[in-house]
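# Architecture at a glance
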Amino acid sequence: FGGYSCEDGRDVMVHLFEWKWSDIASNCHRLAQLGYCAVQVSPPHEHAVYANNDPPYPWWQRYQPVSYIVTSRSGDEAAFQNMVSTCNAAGVKIYVDTVINHMTAGGSGTGSAGSSWNGGDDYTNIGQDYPSVPFGPGDFNGADNCPSSSGNIDDYQNVDQVRNCRLVGLRDLRLGDDYPRDMVRGYMQKVIDWGVAGFRIDAAKHMWPGDLGSIYGGLSGSPFIYQEVIDQGGEPITAGEYTSMGRVTEFKYGLSLSDCVRAANGQKLAYLSNFGEDWGFIGGLSAVVFVDNHDNQRGHGGGGGVLTHKEPRDYKVANAFMLAWPYGYPRVMSSYSFENADAGPPSDGSGNTNDVQCFDGDWVCEHEWRQIHNMVGLHNAAVGEPVANWWDNGNMAIAFSRGAKAFVFINKEEFSVTQTFQTGLPAGEYCDVISCDGNLPPCTGGECLGSISVDDAGTATVTISNTDTDPIRAYHV
Ligand code: LM2
Ligand code: CA
């Protein structure tokens, strides 16, 4: 399940966090033009609705399934199906964020599709009721296999707790049994049959690899699978336990890259020359990589230490490196702005999510920043080309080419750097895609603000000042 296929040489996915299905559908044609292969969408299943939370309707209510009816804050089943078919027609794949480790927290209520739910007892598997699946108490892990006294995961060094007890109190499905497996497999097969191409498996660390293998093995249609395993070191469960069954999110990547860009924790850009497996990461062909995700950008899920849109200059540098460097399947984050880490997306007072308006102050749309989408274009132009012509100043200035297809230079020094480089590129004029502000890549309809001439020997002289808005230059065939 580790393989993915993209149309037209596009090789980057984007997470459109909390977007409605109607907005994704109307954007898919443009996403294809920008070079995106696929969209990771927010969880489409029926979820708990926390109208009385402070703030009301938090984003994380969608990580509390009530049933597998496809009616959520992003839209109903018809809107979801329309999105899938519209995006497929535009050549853009849909990857579903799949929450199958657990159902809701304690308490009871009515879900986003109108189904009742009851989380039952806080300490035992008594009283759980999800009639629209249906699941009852016997479908949840309990005292017989969860070895913590609270029923929750209290010790991440204890593998049985991590996989059989409740993650922050969320009712933990008994995926060792056939019936719960059949229910989650049925949900996954339903959306495959509607045209979904892949799955992000939420909370994979909290499920046994063998149970996941059994669920995936019963699916038809060869979906692309990538599993969310938060492995930042120091725990017995590792990302490598899951790589035989699909790709895995490599959380060490964004943390280390952010440190290098910030010159934090003893890191520097010059150390990136062997970024990848040599750093203790999983194999590049097993990895999904990202600078930040919807959790760690707000201090959830292994949060802290990663660059986000709130530090735009360094964030653009980190994304430029990720998209230029050949390790893993890259995922670009697309966020909404927030002060409170629990706040849901821009919406009305009843929790109805607003239509997306990129750059209106609420929807950040990093995937539409020219410095990011033009680097998606560079990534796609350089697929399969090795890193060559590495140069660094021993500290915070680096440059490299991707074979004879692309060349990138980054200067995070406190001073200007001018250097004559071997670019690896064929002789000719190249426009810097970082500064070129066309509506479509590369630079279509825009004015080239930073062109270079590469001579017959492949060399060119380039300067980046420490006062430049974006301390990056990027050129590709
Ligand atoms: C994930 N990956 O493994 C998601 O990426 C992450 O966003 C999910 O947590 C998590 N797993 C479970 O699916 C989020 C959020 C939590 C939130 C849960 C459930 O990060 O904070 O927990 O969703 O909605 C919330 C409250 C928490 C409370 C819990 C149960 O924030 O304080 O814990 O509900 O009531 C008592
Ligand atoms: Ca579990």
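Structure first, text after, so check above.
Now for a description of the structure that goes with this document. One numbering rule holds for all chains: residues counted from 1, following each sequence as written. The order in which chains are written sets their letters, starting at A; the order in which ligands are written sets their numbers, starting at 1. Thresholds applied to this predicted model are a pLDDT of at least 70 for local features of residues and 80 or more for the giving and counting of side-chain atom pairs; totals over whole chains, interfaces and linings are not thresholded and use all residues. The side-chain quantities take in all heavy atoms of the structure and omit both hydrogens and water.

## Side note on the overall build of the chain
A run of H or I in DSSP counts as a helix once it spans at least four residues, and a run of E counts as a strand once it spans at least two, with each numbered from the N terminus. Counting secondary structure elements, the chain contains 8 helices and 20 strands. Here the C-alpha atoms of the chain give a radius of gyration of 23 Å, agreeing with the 23 Å that 2.2 N^0.38 yields for 477 residues. C-alpha atoms of the chain, sized along the principal axes, occupy 75 × 45 × 40 Å. Only protein chains enter the accessibility calculation, which uses a 1.4 Å probe. A residue is then buried if its area is under 20% of the maximum for its type, exposed if over 50%, and partly exposed in between. Counting across all 477 residues of the chain, residues that qualify as buried make up 58%. Contacts are assigned to residue pairs with any non-hydrogen atoms lying within 4.5 Å of each other. For the chain, the proportion of contacts with a sequence separation of at least 24, taken over those separated by at least 6, is 69%. Charged side chains in the chain number 29 positive and 57 negative. The centres of these two groups are separated by 1 Å. Within these notes, the globule rule equals 2.2 Å times the number of residues to the 0.38 power, and the radius of gyration is based on C-alpha atoms. His is not counted here, nor are the chain ends, while Lys and Arg score as positive and Asp and Glu score as negative. Every charge is mapped to an atom, namely NZ of Lys, CZ of Arg, CG of Asp or CD of Glu.

## Observations concerning the coordination of the calcium ion (ligand 2)
Atoms are scored as donors when they are N, O or S and lie within 2.8 Å of the metal, with 3.2 Å used for Na, K and Ca; no water is included, so coordination may look incomplete. Those protein atoms acting as donors to the calcium ion (ligand 2) are Asn101 (OD1), Arg163 (O), Asp172 (OD), Asp172 (OD) and His206 (O), and they sit at 2.3 to 2.6 Å. All donors of the calcium ion (ligand 2) belong to a single chain; written as a sequence motif, their spacing is N-x61-R-x8-D-x33-H. Taken together, the residues span a long stretch of sequence, with Arg163 in helix H3 (residues 159-164) and His206 in the loop between strand E8 (198-201) and helix H5 (209-217) at a distance of 43 residues. Neither Arg163 nor His206 differs from the other in exposure class; each is buried.

## Re the side chain of Asn293
Position of Asn293 relative to the elements: it lies in the loop between strand E11 (287-289) and helix H7 (312-324). Given a relative accessible area of 3%, Asn293 falls into the buried group. Polar contact is defined as a pair of N or O atoms within 3.5 Å, subject to the rule that within protein one atom must be able to donate a hydrogen and the other to accept it, and that residues adjacent in sequence are counted only when both atoms are side-chain atoms. At 2.8 Å, the side chain of Asn293 forms a polar contact with the backbone nitrogen of Asn296. If we skip the residues at most four places from it in the chain, Asn293 touches Phe251, Arg331 and Met333.

## Quick look at the environment of Leu425
Considering the arrangement of structural elements, one finds Leu425 in the loop between strand E16 (417-422) and strand E17 (428-431). Its relative accessible area of 4% is what places Leu425 among the buried residues. The residues touching Leu425, leaving out its near neighbours within four places in the chain, are Ala404, Lys405, Ala406, Phe407, Tyr430, Val454, Gly458, Tyr475 and Val477.

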